Every structure is written in C-alpha cells, then in structure tokens.
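The lines below spell out each chain.
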Amino acid sequence: MSSRIFRFAPLGLILAAATGCQQQATVKVGAPYTCHQATGPITIDGKLDEPAWKDAETITTFYPLDPAKTTQTTPTVFRMLWDKQNLYVAFECTDDDVWSYSNKADDELWNGDVGEFFIKPSTQKRPYYEFVTAPNGAQYDGRYSSRGAGGFNRFKGWNAHAKIATKIDGTDGNGDDDDRGYVIEMAVPMKAFAQDGLPADGTVWTFGAFRYDYSKSFEQPLLMMSIPESKSGFHYYEGYGKLIFKGKK
Ligand SMILES: [Ca+2]
Ligand SMILES: [Ca+2]
Ligand SMILES: [Ca+2]
C-alpha cells in the first residue's frame with residue numbers, strides 16, 4: 001500500500017522537551033537512544049515490572065505524522081533493552097478506545113490500533129525491519145531488502161518469531177465504553193537480525209517508534225512517531241534516531 005509508505009508530512013515542527021517521571025532518564029528530542037543491556041530476566045507477560053525494565057530509557061514525546069491534519073497525540077511510553085538472545089521492546093499506550101483490527105499474523109494490523117517500530121542495522125545498506133503489534137498481540141513483521149523493492153505484501157513472509165504479550169486495560173473493540181489503554185511487551189530473537197549483523201556493546205543502529213490510534217473521540221486516526229519529522233511516512237529512515245547498544249555496566 002504505497003500511500004502508507006509514502007505519506008507526506010510537512011517539515012518544521014517545533015521541538016519540545018520530553019517530559020516524564022520514569023526512573024530512567026527520558027530521552028530528549030534528537031538525542032540518541034541508549035539501549036541498555038538487560039541486567040536480569042524479562043518475563044514476556046505484558047507487565048513491565050521486572051527490575052531490568054527500570055534501566056531502560058524512555059521515549060515519551062511523540063509527534064503527529066501530519067500536523068496539517070491534526071496536532072493531537074495520545075500519551076505513549078516506549079522502551080527498549082537487549083541482551084545476546086533478544087531485543088526487548090515495550091509500549092505503554094494510553095487509549096480511550098482500544099481496537100485490534102485483526103488477530104491474524106502479518107495482516108494489515110495498522111487498520112486498527114498498533115504500536116510499531118522500525119529498525120535499521122546500517123545506514124550504509126538498504127535493509128530494514130518493521131514490527132507492528134496490535135493490542136491483542138497479533139504482529140505484522142517484515143524485513144525490507146530495500147524501501148523501493150515492494151511493499152509489505154512482498155516482505156511480510158519474513159518472520160522474527162517474536163515472543164509477545166499484551167495487557168489491555170479496557171475492552172478491545174467495544175466503542176461504547178471508555179478504555180484506559182494497553183501495554184505491549186515483546187522479545188525479538190536477535191538471530192532474526194543475523195543476516196544484517198548482530199549488535200554488540202557500542203553498535204549503532206537507527207530506529208523509530210510509531211503508533212496508530214483509532215478512537216471514537218477523534219475525527220481521524222492519530223498517526224504518531226518518535227521522530228520529529230518525516231518526509232514520506234513511517235518508512236522515512238533518513239529521519240530515524242540513533243540506537244546505541246550499551247553493554248552491562
Ligand atoms: Ca514482563
Ligand atoms: Ca512476517
Ligand atoms: Ca484506539
């Protein structure tokens with residue numbers, strides 16, 4: 001679906017300082033994200049209560065993809081950790097109307113609420129990855145050999161086999177009641193990235209975190225992103241932030 005890949009967004013957003021009250025430092029806009037090595041086990045259960053998560057930096061500032069349409073955003077907290085086995089990713093999404101579009105893997109889940117992230121091991125090489133997760137835990141994942149080589153239908157056959165758990169505070173799909181939101185917790189096996197090189201202490205990749213939020217409260221779905229601007233949608237990897245893998249202290 002090319003309109004999804006190359007969606008235009010104007011430039012010139014005002015950068016706002018990130019805010020938050022998490023234990024670990026909140027990443028300021030434009031600052032690299034330090035992905036700390038997990039200091040202990042993480043149970044994928046949709047609860048971010050493992051001590052290791054306290055070491056994760058948080059991203060709490062999300063920007064509208066297209067401020068000409070709407071400048072509204074809904075609160076989101078994004079975290080990542082890693083170890084030799086997995087890349088751990090967590091979304092905490094405030095959402096007053098939770099709706100998963102489908103429970104089928106590799107379906108067009110972005111037609112409903114999702115937390116997404118894109119990750120690119122090298123700025124010098126073309127491949128990059130997309131992970132899209134619905135509140136019900138369904139996931140689309142794809143490895144794009146190139147941005148121009150075809151859309152999601154070509155690349156969705158690639159599977160990372162991430163372990164995923166979600167927790168919904170509310171009801172999924174019921175538009176008549178008020179929900180609070182949902183949490184996504186996942187472990188993506190590092191071996192999924194092996195053909196593009198595995199990270200070690202000091203490795204730098206790039207990434208962006210994103211959301212679609214559909215709600216009875218909005219005229220249009222809110223498309224949000226952790227990067228301040230995009231010229232062509234969520235696949236605009238030129239705008240992705242640095243992701244620095246840091247080993248144990
Ligand atoms: Ca957990
Ligand atoms: Ca897939
Ligand atoms: Ca929603």
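It should be noted that the structure appears before, not after, this text.
Residues numbered from 1 in each chain as written. Chains lettered and ligands numbered in written order. Predicted model: local features only at pLDDT ≥ 70, side-chain atom pairs only at ≥ 80, totals over all residues. Heavy atoms only, no water.

K.L.:
How would you sum up the overall build of the protein chain? Please name residues and give values.
P.N.:
Looking only at helices and strands, the protein chain has 2 helices and 13 strands in total. The burial tally for the protein chain puts 54% of its 249 residues in the buried class. In the protein chain, once contacts between residues fewer than 6 apart in sequence are set aside, the share between residues at least 24 apart is 66%. For the protein chain, the exposed surface amounts to about 11000 Å²; the carbon and sulfur share of it is 49%. (Helix = DSSP H or I, 4+ residues; strand = E, 2+ residues; numbered from the N terminus. Buried < 20%, exposed > 50% of the residue type's maximum accessible area, 1.4 Å probe, protein only. Contact = heavy atoms within 4.5 Å. Areas by Shrake-Rupley, 256 points an atom, 1.4 Å probe, with all protein chains shown as cover.)

K.L.:
Would you mind going over the environment of Gln-24 in detail, with residue names and values included?
P.N.:
Residue placement: Gln-24 occurs in the loop between helix H1 (2-5) and strand S1 (33-37). With 29 residues separating them in the primary sequence, Gln-24 and Trp-53 have C-alpha atoms 9.1 Å apart. For Gln-24, the contacting residues outside a window of four places in its chain are His-36, Lys-54, Asp-55, Ala-56, Glu-57 and Thr-58.

K.L.:
How would you sum up the nonpolar core? Please name residues and give values.
P.N.:
What tends to happen in soluble globular proteins is that the nonpolar side chains get buried as a cluster. Core analysis: the biggest nonpolar cluster contains 46 residues, and Phe-78, Leu-87, Phe-117, Ile-119 and Val-188 have the highest contact counts within it. In terms of residue count, the dominant contributor to this core is strand S5 (residues 86-94) (6 residues). Those residues in contact with Ile-119 that lie beyond four places of it in its chain are Leu-87, Tyr-128, Tyr-129, Phe-131, Phe-193, Trp-205, Thr-206, Phe-207 and Leu-243. In terms of nonpolar packing, the next biggest core, distinct from the first, is built from 23 residues, Tyr-63, Tyr-128, Tyr-144 and Tyr-212 among them. (Core = buried A, V, L, I, M, F, W, Y, C linked by side-chain atoms within 4.5 Å.)

K.L.:
So what about the pattern of salt bridges? Which residues, and what values?
P.N.:
Enumeration over the complete set of coordinates arrives at 7 salt bridges. Within this structure, Asp-95, Arg-211 and Asp-213 form a network of salt bridges that share partners. (Salt bridge = Lys/Arg side-chain N within 4 Å of Asp/Glu carboxyl O.)

K.L.:
Quick one: what's the story with the coordination of the calcium ion (ligand 1), residue by residue and with numbers?
P.N.:
Bound to the calcium ion (ligand 1) on the protein side are Thr-43 (O), Asp-45 (OD), Lys-47 (O), Glu-50 (OE), Glu-50 (OE), Glu-185 (OE) and Glu-185 (OE), at distances that span 2.2 to 2.6 Å. In primary-sequence terms, the residues that donate to the calcium ion (ligand 1) follow T-x1-D-x1-K-x2-E-x134-E. Accessibility expressed as a relative area gives 7% for Glu-50, which makes it buried. (Donors = N, O, S within 2.8 Å, 3.2 Å for Na, K, Ca; no water.)

K.L.:
Which residues make up the coordination of the calcium ion (ligand 2), and what are the values?
P.N.:
Only Asp-106 (OD), Asp-106 (OD), Asp-141 (O), Asp-141 (OD), Lys-156 (O), Trp-158 (O) and Asn-159 (OD1) from the protein coordinate the calcium ion (ligand 2), and they sit 2.2 to 2.6 Å from it. Of note, the donors binding the calcium ion (ligand 2) are all from one chain and are spaced D-x34-D-x14-K-x1-W-N. A relative accessible area of 28% places Lys-156 in the partly exposed class.

K.L.:
Please set out the packing of aromatic side chains residue by residue, giving values where relevant.
P.N.:
Under the defined criterion, the tally for this structure stands at 27 aromatic pairs. Aromatic pair Phe-210 and Phe-234: ring centres 4.3 Å apart, planes at 25°, arrangement stacked. A residue pair is termed long-range when its members are at least 10 positions apart, and Phe-210 in strand S11 (residues 204-213) and Phe-234 in the loop between strand S12 (222-225) and strand S13 (241-246) qualify at 24 residues. Each member of the pair, Phe-210 as well as Phe-234, carries the same accessibility label: buried. Each member of the aromatic cluster is reached from another via a ring pair, and the members are Trp-99, Tyr-101, Phe-118, Tyr-128, Tyr-144, Phe-155, Phe-210, Tyr-212, Tyr-214, Phe-234, Tyr-237 and Tyr-240. Above the plane of the ring of Tyr-237 lies Lys-120, whose end atom (NZ or CZ) is 4.5 Å from the centre. (Phe/Tyr/Trp six-rings, centres within 6.5 Å; stacked < 30°, edge-to-face > 60°. Lys NZ or Arg CZ within 6 Å of the ring centre and 35° of its normal.)

K.L.:
Lay out the side chain of Gln-139 with the relevant residues and their values.
P.N.:
Residue placement: Gln-139 occurs in strand S8 (residues 139-144). In terms of polar contacts, Gln-139 uses its side chain to reach the side chain of Thr-133, at 2.9 Å. Apart from residues lying up to four places away in sequence, Gln-139 is in contact with Ala-105, Asp-106, Leu-109, Phe-131, Val-132, Thr-133, Ala-162, Ile-164 and Met-186. (Polar contact = N/O pair within 3.5 Å; in protein donor to acceptor, adjacent residues only side chain to side chain.)

K.L.:
Could you give me a rundown of unusual backbone geometry, with the residues and numbers involved?
P.N.:
A positive phi is found at Asp-106, a non-glycine position, where the angle reads about 65°. With respect to the helices, strands and loops of the structure, Asp-106 is situated in the loop between S5 and strand S6 (114-120). You can call Asp-106 buried: its relative accessible area is 14%. Residue His-161 is not a glycine yet carries a positive backbone phi of 55°. Here His-161 lies in the loop between helix H2 (152-155) and strand S9 (163-169).

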